[in-house]
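Close look at the chain arrangement
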Amino acid sequence: MLVLGIETSCDETGIALYDGDRGLLAHALHTQVALHAEYGGVVPELASRDHVQKTLPLVHHVLGEAGVAKTDIDGVAYTAGPGLLGALLVGSAIGRSLAWAWNVPAVGVHHMEGHLLAPMLEDNPPAFPFIALLVSGGHTQLVQVDGIGQYRMLGESLDDAAGEAFDKTAKLLDLGYPGGPALAKLATEGDPTRFNFPRPMVDRPGLDFSFSGLKTFALNTFHEHPEARADIARAFEDAVVDTLAIKCRRALRETGLTRLIIAGGVSANTRLRTQLESMVAKEGAGVFYARPEFCTDNGAMIAYAGHQRLAHGEQESVAIKARARWPMETLTAV
Ligand code: KG4
Ligand code: ZN
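A brief report on the enclosed structure follows. If you're wondering where the values come from, they're calculated on a predicted model, not measured in any experiment. (Residues numbered from 1 in each chain as written. Chains lettered and ligands numbered in written order. Predicted model: local features only at pLDDT ≥ 70, side-chain atom pairs only at ≥ 80, totals over all residues. Heavy atoms only, no water.)

1. Section: the packing of aromatic side chains
Counted by the stated rule, this structure contains five aromatic pairs. Here phenylalanine 166 and phenylalanine 236 contribute two aromatic rings whose centre-to-centre distance is 5.3 Å and whose plane-to-plane angle is 85°, an arrangement assigned as edge-to-face. Here the residue phenylalanine 166 occupies a position in helix 5 (residues 162–172), and phenylalanine 236 occupies one in helix 8 (residues 229–255), the gap between them amounting to 70 residues. The exposure class assigned to phenylalanine 236 is buried, which follows from its relative accessible area of 0%. An angle of 15° between the planes, with centres 5.9 Å apart, marks the rings of phenylalanine 209 and phenylalanine 211 as stacked. Neither residue differs from the other here; phenylalanine 209 and phenylalanine 211 are each classed as buried. (Phe/Tyr/Trp six-rings, centres within 6.5 Å; stacked < 30°, edge-to-face > 60°. Helix = DSSP H or I, 4+ residues; strand = E, 2+ residues; numbered from the N terminus. Buried < 20%, exposed > 50% of the residue type's maximum accessible area, 1.4 Å probe, protein only.)

2. Regarding the environment of threonine 270
Within the secondary structure layout, threonine 270 lies in helix 9 (residues 270–283). Residue classification places threonine 270 among the exposed positions, given a relative accessible area of 59%. Measuring from C-alpha to C-alpha, the distance between threonine 270 and alanine 230 comes to 16 Å, with 40 residues separating the pair along the chain.

3. Re the site of ligand 1
Every one of the 18 residues lining ligand 1 counts as a neighbour, but His115, Gly137, Asp167, Asn269 and Asp297 are closest to it. Note that an oxygen atom of ligand 1 is positioned 3.0 Å from one of the backbone N or O atoms of glycine 265. For ligand 1, an oxygen atom lies 3.0 Å from a polar atom in the backbone of aspartate 297. Protein burial of ligand 1: of its 560 Å² of free accessible surface, 87% is covered by the chains. A total of three residues in the shell around ligand 1 trace back to one element, the largest contributor, which is helix 5. Tallied by class, residues from the shell around ligand 1 come to five nonpolar, eleven polar and two charged. (Near = heavy atom within 4 Å. Polar contact = N/O pair within 3.5 Å; in protein donor to acceptor, adjacent residues only side chain to side chain. Areas by Shrake-Rupley, 256 points an atom, 1.4 Å probe, with all protein chains shown as cover. Nonpolar A, V, L, I, M, F, W, Y, C, P; charged D, E, K, R; others polar.)

Here is the structure:
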C-alpha cells in the first residue's frame, strides 16, 4: 500500500511517500524558521499561510522524486493533531480533499504517534513492547508502548517541555530561535565543571518531569556571570540530559522492559543519545532512535504511522477534522 503523508502541525511542511513493501520512497521538508525568526517564535497565522503555499508544490515534488503518479497512491495520511489548529487545518483540508478526489481512504494521524514510530523507519527497528521517551517542543512524555495505539502514560512534564526549556534558555542566552540546536552547539565549548544545575524531581518517586525551574536557574546564573554563556549552556544541557536519563532508567526498572526508544526533536541531541547509550548498556537494555532529520518534524513519520493504520482498514469519514489537543492514550489499538 502506497501512502502519501502530510505534516503541517507547526512550523515545518513535511511530505513523504511510504510503501508497505518498498519502504520510504521519497520525502521533502520546507522549514519556516526564517519566516518566524524575526519574531523570536512561531507566529501561528504566518505558519498557516505558509503551509497553504507550500503543501501542494511539495506533494508534486515528492511524487516526481519517487517517480510515481497520483493514481498510484492508495491512501493519504495527514497530521490531525495535536498542534496549532490553523496549521493542522491546512494539512487536514488538503490531505482529506486529495483522498476524496483520488477516491482513496484517508487517516488523521496523531503527531506524537508519528514521532514515536519514527525509529521504525531505521534498520533494526525495535520490537514491541518498549518504553518511549517523547521529547519535543511541546511534549515530554514517558510512555509504555505495547503496540501501535497501545499507550500507557507513565509520566510527563508538569510545566515546560524539554524542547521548550532548551528554546527558552537559548533565547535568554541570546541564541535566537529555535534555540535547541544552537544551545547544544555552544554547550560543546562549555566547561562541565563550572556550574552545577539541579536535576529537578529526581529525588521524588514517580516519572514526571519539571523543567521550568532550570530556565530560571540559567537566567540567574547568566545575570551573575554574563561572560559564561557556553558554561551555562553546558550546565543546562547536562542537567536536562541527566534528568531524562534518570527517569528513563527508572521506567525500564519499574516495567522490566529492555528496550527504550527516544523520539521528537530533542532526541536529535547528541549528548542525550550518548548518555542513554551508556545508561542502557549498564541496564542490559537497548536504545533506538531515528536519524536526526526524522527526530524533528517530518512527513516520513506521518506517512509511516498513517500506513500502519490504513493498512489495517482504518479510515476517516469525509469530514475535515483537526484537534489542537488530543490525548495519546485515547488512540485505538491497531
Ligand atoms: O519534534 P519537534 O521538531 O517539534 C515539535 O513537535 O515540537 O521538536 C522541536 C524541538 C525544539 O524545541 C528544538 O529546539 C528541539 O526540538 N531540538 C533540540 C535539538 N534539535 C531540536 N534540542 C536540543 N538539542 C538538539 N540537537
Ligand atoms: Zn513534533
